[in-house]
Amino acid sequence: MGNKVVKKEETVKEVAFIEFVPAYEVVLKAGSQIKQGQALSLDVATGKYVKFVAGSTALPKTVYKGIDTLNNNTDTEIQVYRSADLDGNLVLGITEKDYDAIDNLEKYGIYIKF
């Protein structure tokens, strides 16, 4: 009888090339679905973070560090990058041509490298 155990290796790609300052926690507004590397904007009306949408007036301030996919029904504390060099191919919500978003993230110490 042959071995019926199948080994699967799951690799988690690290979004950060290097993290200069340890992550910190912010509150993700209820009703957001995000994945690792999602760019986040601050909702100034609530003080909570939301998924960044390209073309919106609320520019991104940080990027989600967690490795899990969040689908939250309530406000949730999450870890985000404080200052880091990030792989632009793994950052969600931002393309190489989103100059205003990339520029804004750099003001907060987050550098996107494509």
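The structure this text deals with has already been given above.
Residues numbered from 1 in each chain as written. Predicted model: local features only at pLDDT ≥ 70, side-chain atom pairs only at ≥ 80, totals over all residues. Heavy atoms only, no water.

Q: Could you clarify how one ought to interpret the sheet that holds strand S1 (residues 16-21) in this entry?
A: Strand pairs in the sheet, formed through backbone hydrogen bonds, run parallel or antiparallel to each other. The mixed open sheet is built from three strands, whose spatial order is S1-S9-S10. Unpaired on one side and paired on the other, S1 and strand S10 (110-113) mark the two borders of the sheet. If you compare each strand with its neighbour and ignore which way they point, the axes differ by 10 degrees on average. Relative to strand S9 (residues 83-87), S1 runs antiparallel, the two being bridged by four bridges. Bridged to Ala16 within S9 is Leu86. (Pairing = 2+ DSSP bridges. Helix = DSSP H or I, 4+ residues; strand = E, 2+ residues; numbered from the N terminus. Axes fitted to C-alpha atoms, helices over the stretch in contact; angles between N-to-C directions.)

Q: What is the right way to read the pattern of salt bridges from this model?
A: Two side chains bearing opposite charge may form a pair once their charged atoms approach each other closely. Overall, the coordinates contain four salt bridges when judged by the stated rule. Ionic pairing is found between Asp43 and Lys29, a salt bridge with its closest N-O pair at 2.8 Å. Taken as a pair, Asp43 in strand S4 (residues 39-43) and Lys29 in the loop between strand S2 (24-28) and strand S3 (33-34) lie far apart in primary sequence, 14 residues in all. A salt bridge links Asp75 to Lys48; the nearest nitrogen and oxygen atoms lie 2.3 Å apart. (Salt bridge = Lys/Arg side-chain N within 4 Å of Asp/Glu carboxyl O.)

Q: Looking at this structure, how should I read the side chain of Asp98?
A: With respect to the helices and strands, the residue Asp98 is situated in the loop between S9 and helix H1 (99-107). Comment: no salt bridge for buried Asp98; closest opposite-charge side chain is Lys97, at 10 Å. When neighbours within four sequence positions are excluded, Asp98 is seen to be in contact with Ala54 and Gly93. (Buried < 20%, exposed > 50% of the residue type's maximum accessible area, 1.4 Å probe, protein only. Lys, Arg positive; Asp, Glu negative; His and termini not counted. Contact = heavy atoms within 4.5 Å.)

None of the figures reported here should be taken as evidence of function without further support.
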